[in-house]
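# Residue-level structural notes
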Amino acid sequence: MMRWRLALLAAMAFTLPAAAQDRMPPAPYAYTQLDDPTKEQQARELMHTLRCLKCQSQSIADSDAPMAGDMRHQVRTRIAAGESPKEVRAWLVSRYGDYVSYEPQVSSTTWPLFVLPLVLLLLAGTILFRRLGARTREDSA
């Protein structure tokens, strides 16, 4: 009985910090717009091109996940401090990786993702052309 209680206490000790993170208040600029309408527009346009790392199918502008709120806060804070959207995007990509951006860049690690579909399309076209060409020759003979 004593071992069971110790196991329960240990389980609670490890799960409480994780549960407390969802109860923290959102970052100040997670749901608050910037006072400057031009900067807020820049921030919103950038937020629609950044992927929520928790949801994975929504932009940080559309997601209600705490992680997306933190990212919106970072975007607004950095734009309010005078950084350009391009600089903020570069900072987020360096921090979270290329996956965070809906606008991927061609690099030494991602070029196969851009080239492979073209190679497969050319291969499929060649195979289709040869098969149709062979049938046409058989029908005419």
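Check the entry above for the structure.
### Comments concerning helix α3 (residues 66-80)
Over its 15 residues, α3 extends 21 Å from the first C-alpha to the last, a length consistent with the 21 Å expected when each residue adds 1.5 Å. Of all the positions in α3, only Ala68, Gly69, Met71, Arg72, His73, Val75, Arg76, Arg78 and Ile79 are classed as buried. The secondary structure elements touched by the buried residues of α3 are α2 (37-47) and α4 (85-96).

### Considering the side chain of histidine 73
With respect to the helices and strands, histidine 73 occurs in helix α3. Taking the relative accessible area as the measure of exposure, histidine 73 reaches 17% and is therefore buried. The contact partners of histidine 73, leaving out residues within four places of it in the chain, are Ala27, Pro28, Tyr29 and Ala30.

### Structural notes on α4
Across its 12 residues, α4 extends 16 Å between first and last C-alpha, which sits within 8% of the 16 Å expected from 1.5 Å per residue. When α4 is considered as a whole, its buried residues turn out to be Val88, Arg89 and Leu92. Viewed end-on, α4 has its buried residues packed into an arc of 100°, placing them on one side of the element. Exposed positions of α4 whose direction lies more than 90 degrees from the buried face are Lys86 and Ser94. Buried residues in α4 make contact with α2 and α3.

### Quick look at the nonpolar core
Counting residues in hydrophobic clusters, the biggest one holds 15 residues, and the most contacted among them are Leu46, Leu50, Ile60, Val75, Ile79 and Val88. Looking at this core, the elements with two or more residues in it are α2, α3 and α4. The element best represented in this core is α3, accounting for four residues. In this structure isoleucine 79 touches Leu34, Lys39, Gln42, Ala43, Leu46, Pro85 and Val88, once residues within four positions along its chain are discounted.

Definitions and cut-offs
- Residues numbered from 1 in each chain as written.
- Predicted model: local features only at pLDDT ≥ 70, side-chain atom pairs only at ≥ 80, totals over all residues.
- Heavy atoms only, no water.
- Helix = DSSP H or I, 4+ residues; strand = E, 2+ residues; numbered from the N terminus.
- Expected span 1.5 Å × (residues − 1).
- Buried < 20%, exposed > 50% of the residue type's maximum accessible area, 1.4 Å probe, protein only.
- Contact = heavy atoms within 4.5 Å.
- Arc of directions from axis to C-beta.
- Core = buried A, V, L, I, M, F, W, Y, C linked by side-chain atoms within 4.5 Å.

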